[in-house]
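A look at the structure
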Amino acid sequence: MAPELSLEQLREEIDKIDEVIVRLLDSRARCAYTVGRLKHELGRPIYEPAREAAVIAHVRQVNDALGGPLDGDAVARLYERIMDEARRIQRIEAERDAAKNEQPVTKNNI
Amino acid sequence: MVVVMKERASDAEVEAVIAQLVEQGMDVHRSTGASRIVLGVVGGGKVDPRLIELLPGVHEVVRISQPYKLASRTFQAEDTIITIGDLRIGGDEVIVIAGPCSAESEAQVHATAAAVKRAGAKVLRGGAFKPRSSPYSFQGMGEAGLQLLREGSNAHDLKLVTEVMDANQIEVIGKYADIYQVGARNMQNFTLLRELGRTRKPILLKRGIAATMEEWLLSAEYILSGGNKDVILCERGIRTFETFTRNTLDLSAIPIVKELSHLPVFVDPSHGMGRRDKVAPMARAAVAAGADGLIIEVHNDPDHALSDGAQSMFPAQFDRLMAELRIIAPAIGRSICLEPVARRGWAR
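What counts and how
Residues numbered from 1 in each chain as written. Chains lettered and ligands numbered in written order. Predicted model: local features only at pLDDT ≥ 70, side-chain atom pairs only at ≥ 80, totals over all residues. Heavy atoms only, no water. Helix = DSSP H or I, 4+ residues; strand = E, 2+ residues; numbered from the N terminus. Expected span 1.5 Å × (residues − 1). Contact = heavy atoms within 4.5 Å. Core = buried A, V, L, I, M, F, W, Y, C linked by side-chain atoms within 4.5 Å. Buried < 20%, exposed > 50% of the residue type's maximum accessible area, 1.4 Å probe, protein only. Polar contact = N/O pair within 3.5 Å; in protein donor to acceptor, adjacent residues only side chain to side chain. Salt bridge = Lys/Arg side-chain N within 4 Å of Asp/Glu carboxyl O. Phe/Tyr/Trp six-rings, centres within 6.5 Å; stacked < 30°, edge-to-face > 60°. Patch = residues over 30% accessible without salt bridge, like charges linked within 9 Å, V, L, I, M, F, W, Y side chains within 5 Å. Areas by Shrake-Rupley, 256 points an atom, 1.4 Å probe, with all protein chains shown as cover. Lys, Arg positive; Asp, Glu negative; His and termini not counted. Charge placed at Lys NZ, Arg CZ, Asp CG, Glu CD. Arc of directions from axis to C-beta.

With that out of the way, let us pick up helix α4 (residues 143-155) of chain B. All names here are of chain B. Helix length check: α4 (13 residues) gives 18 Å between terminal C-alpha atoms against 18 Å at 1.5 Å per residue, within 8%. As for α4, its buried residues are in contact with α3 (106-119), β8 (123-125), β9 (159-163) and α5 (170-176). Directly beyond the C-terminal end of α4, a positive phi value near 50° is found at D157.

Dropping the structure here:
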């Protein structure tokens, strides 16, 4: 980024980037929601640690290639937050589904 | 709650903890620090923190929410105000309950009731069932005593509180009393608390001599969960290493419990101190610390009382104490006995 940009200009730039980030997070959440529905149909658990580890490894790799100021641990921490929210979306959906079927949420139907 | 993992917890251990929490309907926020992983756990699921603490790799589980719900400020932000006829407990007015340890005779009940009313008390206290440390000591007058106490309080326009010791006394006491008192020894008599939860009369719940504030509030929760919303908490002294007084009156309970809970908090300086010359200073301190009321033993003739004579105040001492409290209360935005009293010629 050109250093001659003013503080106001930089902040405008950040606002524009945030719009893109939120749109991407929205797309990701929609994907996660559908994944949750599929998991439910396939009888798989919401929390799949191997998949979460793979996601972290993948984004670390992408980030390393960029060589910017965010290190791998920082990206991993940000993704822990994102996946916390994905799990939450899937839990709410599973509970809604269970309520619909009037079955208690248990290990087997989550 | 917050789950702190051990420094060398393996990925598999962390994953097993998250899996268990997620399975129980909780949302987990995983934070990976430089040396250890911390899991923030929120949600409506029911998780026993002790079970999580037993899982491999867990260093510590820190509980954030309180185990009692209905009694907590989180559940109800505004103070509970209990109304009995024209009496409001838990409002701006500091309510003073006074009377003898036990009903002994018609003359004693009436003389004491008259004296405490004149001084500004709003509720008469007195016991009818008195299981004492020795089975040979005076055991109370039973239902005849309740009758005397009711007549005494009616004659002097006072409400009546008396102790209920057993679930089988609830019915008979309910015929006479306005407030049931649960004594310190019965604070964790959960069968009794559950039965009282089904009644619709206010309960004055004394703190057990070895009970923490949390245990005390959990006992209140037993009553509240039965549907009886009118619980008054009463600090009466706890067991410490100090032997000069019978118990150590824990005045710190007033601001702490009032922050944790919306229930009114009373103080019993008579049982807390066990000697009448120390009752007034602690009563003054309790009002200054924000107590919603006091319960004080007063006897028309303490030297000849059949029980607790040493801690019962003379009517003149009580009168003087009430005058002092009337000066202290306004300093913290409270009042004591706004009603005109007969002695000053304002009789109704």
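Structure's up, so let's keep going.
A word on the nonpolar core. Generally speaking, a soluble globular protein has its nonpolar side chains buried in company with each other. Ranked by internal contacts, the top residues of the largest apolar core, which has 67 residues, are L205(B), L233(B), I296(B) and F318(B). Broken down by element, the residue count for this core peaks at 6 residues, all from helix α7 (residues 213-225) of chain B. Apart from the residues lying within four places of it in its own chain, the contact partners of I296(B) are I97(B), A98(B), G99(B), R125(B), P269(B), S270(B), V279(B), A283(B), M313(B), F318(B) and L321(B). Counting 21 residues, the second largest nonpolar core, distinct from the first, contains Y47(A), M26(B), V28(B) and V61(B).

The next point concerns the side chain of H271(B). Residue and element names in this part refer to chain B. Among the secondary structure elements, H271 is positioned in helix α9 (residues 269-273). Given a relative accessible area of 12%, H271 falls into the buried group. A polar atom in the side chain of H271 sits 2.7 Å from the side chain of D268. The residues contacting H271, other than those within four sequence positions of it, are R125, K206, R236, R246, N247, E297, D308 and Q311.

What follows is about the pattern of salt bridges. One pass over the full model with this rule turns up 33 salt bridges over all chains. Two residues, R207(B) and D250(B), come together in a salt bridge whose shortest N-O distance is 2.8 Å. Highlighted residues: R207(B) in the loop between β11 (203-206) and α7 and D250(B) in the loop between β12 (231-235) and α8 (253-260), separated in sequence by 43 residues. R207(B) gets classed as buried once you look at its relative accessible area, which sits at 4%. Ionic pairing is found between D277(B) and K278(B), a salt bridge with its closest N-O pair at 2.8 Å. Under the relative-accessibility criterion, D277(B) is labelled partly exposed at 40%. With a relative accessible area of 27%, K278(B) lands in the partly exposed category. Ionic contacts of the salt-bridge type, sharing partners, join the residues E52(A), R81(A), D84(A) and R87(A) into one network.

What follows covers unusual backbone geometry. Residues and elements named next belong to chain B. Phi angles above zero are rare outside glycine, and D157 is one such case at about 50°. Relative to the elements of secondary structure, D157 occurs in the loop between α4 and β9. Notably, D308 is not glycine yet its phi reads approximately 55°, a positive angle. By the secondary structure assignment, D308 is in the loop between β14 (293-297) and α11 (315-331). The exposure class assigned to D308 is partly exposed, which follows from its relative accessible area of 21%.

The next subject is the packing of aromatic side chains. Residue and element names in this part refer to chain B. Scanning the model with the defined rule gives 1 aromatic pair over all chains in all. Plain terms: the ring middles of F190 and Y222 are 4.4 Å apart, the flat faces sit at 20° to each other, and that makes the pair stacked. Highlighted residues: F190 in helix α6 (residues 190-197) and Y222 in helix α7, separated in sequence by 32 residues. For F190, a relative accessible area of 32% gives the class partly exposed.

This part takes up a negative patch on the surface. Residues and elements named next belong to chain A. Judged by side-chain charge, E8, E12, E13, D15, D18 and E19 come together as a negatively charged surface patch. Summarising the element assignment, E19 is placed in helix α1 (residues 7-42). For E19, a relative accessible area of 48% corresponds to the partly exposed category.

This part is about helix α2 (residues 49-66) of chain A. An α-helix turns once per 3.6 residues; consequently, residues spaced three or four apart project the same way. All names here are of chain A. A rise of 1.5 Å per residue sets the reference length of α2, with its 18 residues, at 26 Å; its end C-alpha atoms lie 26 Å apart and thus fit the reference within 8%. Looking at α2, one finds that the buried residues are E52, V55, I56, V59 and N63. One side of α2 carries all its buried residues, which in axial view fall inside an arc of 95°. Facing away from the buried side of α2 by more than 90 degrees, the exposed set consists of A50, R51, Q61, D64 and A65. In this fold, the buried residues of α2 make contact with α1 and α3 (72-100). Immediately beyond the C-terminal end of α2, within one or two residues, lies G67, with a positive phi of roughly 65°.

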